[in-house]
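Here is how the chains run, residue by residue.
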Amino acid sequence: MKRIGVLTSGGDSPGMNAAVRAVVRKAIFHNLEVYGIYQGYNGLINNNIKKLELGSVGDIIHRGGTMLYTARCEEFKTKEGQLKGIENLKEHGIEGLVVVGGDGSYRGAKALTEHGYPCVGVPGTIDNDIPGTELTIGFDTALNTVIDAIDKIRDTATSHERTFIVEVMGRNAGDIALWSGLAGGAETIIIPEDNFNMDDIVGRLKKGQERGKKHSIIIVAEGVMSGQEFAQKLKDATNMDTRVSVLGHIQRGGSPTASDRVLASRLGARAVELLMDGKGGRAVGIEENKLVDYDIIEALAKPHKINLNMYKLSKELSI
Ligand code: F6P
């Protein structure tokens, strides 16, 4: 393999830049040429493809977002779009592609693989919902953003002796809610992977108040319902007045943490190694701090699993 491409796709995540840098530098280190595909799969279809040099990825390791830009591309879900993308790659002499993104991006990479084009998926999303890896690039940074917000909300919640509901992202996965709730000492964590029981929640809130607790923080994953809807349900059950904070897209920004930069560097470089070894159709990940890779089609067929032991622990620690 002499020439590879790299793109970022779907919702951006902090550390995507570090992954792109790793792909470019690792490839050039091994005398490959690297092309950047701009604006995700849109750029693949529209031929927005440019050569990247060592300096193209200088001064980006610490920046959130993605220098390659990103998009959610409906057209790439069609066979025509996918074949057009492959045609453009071939026109540039690009023989393999690294796709950094979440599950939608992986589905695009899977489609390219099924058309016989060598592709490696690198998990980049704040949601931590990609099968075949314990952690995704951007998750740790998003968690730190959320716990910073929880800590601040806690100050005002205590002063006013209030209950706060904090809505976090995660699409259909509860990982951001669970990990940030555990790290932020939330009283209750509501995730899509488990049904919640309002009587139980109310009971816990009352017990806390009885022993002199000044505030409560409830984390609601967006995949369950909005924070506002949950506040209404709580009001209906208790007449309790709460405040709601929707953290929204601030969870996707910011300088990546050291963990995310290291993870991105390791995964990006591994993706290049796989392409150099002629192994397309793979998804790279990390398990027990070791790099792993799986068949991308098989990986996508597996459901994402939340850590239920951690969920149980969060309940035990918030009595
Ligand atoms: O997948 C990342 C994510 O931030 C999800 O947590 C969220 O549901 C979604 O993207 C929001 O997407 P958009 O930025 O397109 O509104």
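Residues numbered from 1 in each chain as written. Predicted model: local features only at pLDDT ≥ 70, side-chain atom pairs only at ≥ 80, totals over all residues. Heavy atoms only, no water.

## As for helix 3 (residues 79-91)
- In this model, helix 3 (13 residues) spans 18 Å end to end at C-alpha, consistent with the 18 Å of a helix rising 1.5 Å per residue.
- Buried within helix 3 are the following residues: G81, Q82, G85, I86, N88 and L89. Angular distribution of buried residues about the axis of helix 3 spans 160°; they occupy a single face of the element. Across from the buried face of helix 3, at angles greater than 90 degrees, the exposed residues are K79, E80, K90 and E91. (Helix = DSSP H or I, 4+ residues; strand = E, 2+ residues; numbered from the N terminus. Expected span 1.5 Å × (residues − 1). Buried < 20%, exposed > 50% of the residue type's maximum accessible area, 1.4 Å probe, protein only. Arc of directions from axis to C-beta.)

## Let's talk about the pattern of salt bridges
- Counted according to the given criterion, the structure contains 16 salt bridges.
- A salt bridge links D241 to R243; its shortest N-O distance comes to 3.7 Å.
- Given a relative accessible area of 52%, D241 falls into the exposed group.
- On the basis of relative accessible area, R243 is assigned to the partly exposed category, the value being 33%.
- Between E316 and K312 there is a salt bridge whose closest N-O contact spans 3.6 Å. One end of the pair, E316, and the other, K312, are both in helix 11 (residues 308-317), 4 residues apart, so they sit about a helical turn from each other.
- A relative accessible area of 52% means that K312 is categorised as exposed. (Salt bridge = Lys/Arg side-chain N within 4 Å of Asp/Glu carboxyl O.)

## As for the sheet that holds strand 10 (residues 282-287)
- Strand order in the open sheet formed by 7 strands is 3-2-1-4-5-10-11, with mixed pairing between adjacent strands. At either end of the open sheet lies a strand with only one pairing partner, and these are strand 3 (49-52) and strand 11 (290-295). Pairs of neighbouring strands in the sheet enclose a mean axial angle of 30°, with direction left out of account.
- Helix 1 (residues 16-29) contacts strand 1 (3-9), strand 2 (33-37), strand 3 and strand 4 (96-101) of the sheet and is inclined by roughly 180° relative to strand 1.
- Its contacts with the sheet place helix 9 (residues 258-276) against strand 1, strand 4, strand 5 (119-123), strand 10 and strand 11, and it is angled at close to 145° to strand 10. (Pairing = 2+ DSSP bridges. Axes fitted to C-alpha atoms, helices over the stretch in contact; angles between N-to-C directions. Contact = heavy atoms within 4.5 Å.)

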